[in-house]
Amino acid sequence: MTLQIHSSWEKPLQTEFESLAFKQLIAFLKTEYSTHRCYPPKNQIFNAFEYCPFDRVKVILLGQDPYHGMGQAQGLSFSVPKNIKHPPSLINIFKEIENDLGNPYPKSGNLERWAKQGILLLNATLTVREGEAGSHQKKGWETFTNAIIKKLSEEKEGLIFLLWGGFAKQKAKYINAQKHLILTSGHPSPLSANRGFWFGNKHFSKSNAYLKGRGETTIDW
């Protein structure tokens, strides 16, 4: 099983790629993909890194698991391909952008355009079995993605980390808050959003204000 990742990530993550834990993860994935229907497709597992090279990262938007329904997951957290029905969390993200910035609700749920602007759409677990949320958790992906968060925190300055929900907030311990902006809120899922923990967080305008203050190009959300 060949997993391709953008060349800009190879040096920062070389230690991880060479580790026994990563080799064991790859062996697990070979078995899973050959015996079960899994998502995203093998050639899209590392899309977050393909669309957002290491030297272009501005924002890290952390998700937990890929979508586990047919045709949804495409290797970018919260994103679905064009013409796929928007999942509830993504609907609430777009609604908050509409409220925060006045941007009209988009037709497409494909967030490739965000990734190409420097947003690393990173799920903590990059693969999943069909219909079984969380089925690839604690198989080695978390070790790998935690290492990515640590590496970005250590080697860069002035990044924005968007941590939504309890799971994502746990990752704050890997981030140097003196060097980076950490924005936290409830998760955009209906359960959290309907209880008042999501809407009104204004993370999108806050992110752009931070980038502008650093003299960087803002994100077209």
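Keep in mind the model is a prediction, meaning the values are calculated, not measured. (Residues numbered from 1 in each chain as written. Predicted model: local features only at pLDDT ≥ 70, side-chain atom pairs only at ≥ 80, totals over all residues. Heavy atoms only, no water.)

### Here's the deal with the overall build of the chain
Along the chain, the regular secondary structure elements total 9 helices and 6 strands. Its C-alpha atoms give the chain a radius of gyration of 17 Å, near enough to 17 Å, the size a compact globule of 221 residues would have. Judged by the C-alpha coordinates and their principal axes, the chain covers about 45 × 35 × 25 Å. Contacts in the chain between residues far apart in sequence, at least 24 positions, make up 66% of those at least 6 positions apart. Looking at the chain as shown, the accessible area adds up to about 10500 Å², and 49% of this sits on carbon and sulfur atoms. With 28 positive and 19 negative side-chain charges, the chain shows a spacing of 3 Å between the two charge centroids. (Helix = DSSP H or I, 4+ residues; strand = E, 2+ residues; numbered from the N terminus. Rg over C-alpha atoms; globule rule 2.2 N^0.38 Å. Contact = heavy atoms within 4.5 Å. Areas by Shrake-Rupley, 256 points an atom, 1.4 Å probe, with all protein chains shown as cover. Lys, Arg positive; Asp, Glu negative; His and termini not counted. Charge placed at Lys NZ, Arg CZ, Asp CG, Glu CD.)

### A few points about the pairing of strand E5 (residues 160–164)
Consecutive side chains along a regular strand alternate between the two faces of the sheet. For E5, the tally of buried residues reaches 5 of 5 residues, placing the bulk of the element in the interior. Neither face of E5 is left uncovered, since the one carrying Ile160, Leu162 and Trp164 and the one carrying Phe161 and Leu163 both have all their residues buried. Relative to E5, strand E2 (residues 59–63) is paired through 4 bridges, and the arrangement is parallel. Note on E5: the bridge partner recorded for Leu61 is Leu162. (Buried < 20%, exposed > 50% of the residue type's maximum accessible area, 1.4 Å probe, protein only. Pairing = 2+ DSSP bridges.)

### Some remarks on the sheet that holds E5
One open sheet holds the 4 strands; their spatial order is E3-E2-E5-E6, and the pairing between them is parallel. The sheet terminates laterally at strand E3 (119–123) and strand E6 (181–185), the two strands that pair on one side only. The average angle at which neighbouring strand axes cross in this sheet is 20°, direction not considered. Relative to E3, helix H6 (residues 141–155) is tilted by about 150°, and along the sheet it contacts E2, E3 and E5. (Axes fitted to C-alpha atoms, helices over the stretch in contact; angles between N-to-C directions.)

### Quick word on the pattern of salt bridges
Applying the stated criterion to the full structure yields 5 salt bridges. Shared partners join several salt bridges into a network, and the residues in it are Glu32, Arg129 and Glu132. (Salt bridge = Lys/Arg side-chain N within 4 Å of Asp/Glu carboxyl O.)

### Concerning the nonpolar core
Formed by 56 residues in total, the largest nonpolar core has its most connected members in Trp9, Phe49, Trp114 and Leu120. If we skip the residues at most four places from it in the chain, Trp9 touches Phe17, Phe49, Cys52, Pro53, Phe54, Val57, Leu120, Ile148 and Leu152. (Core = buried A, V, L, I, M, F, W, Y, C linked by side-chain atoms within 4.5 Å.)

### Let's talk about the environment of Ile160
Looking at the secondary structure, you find Ile160 in strand E5. Counting along the chain gives 19 residues from Ile160 to Lys179, while the straight-line C-alpha distance between them is 9.7 Å. Ignoring any residue separated from it by four or fewer positions in sequence, one finds Ile160 in contact with Lys58, Val59, Ile60, Leu181, Leu183, Ser207, Tyr210 and Leu211.

Nothing here speaks to function; it is geometry throughout.
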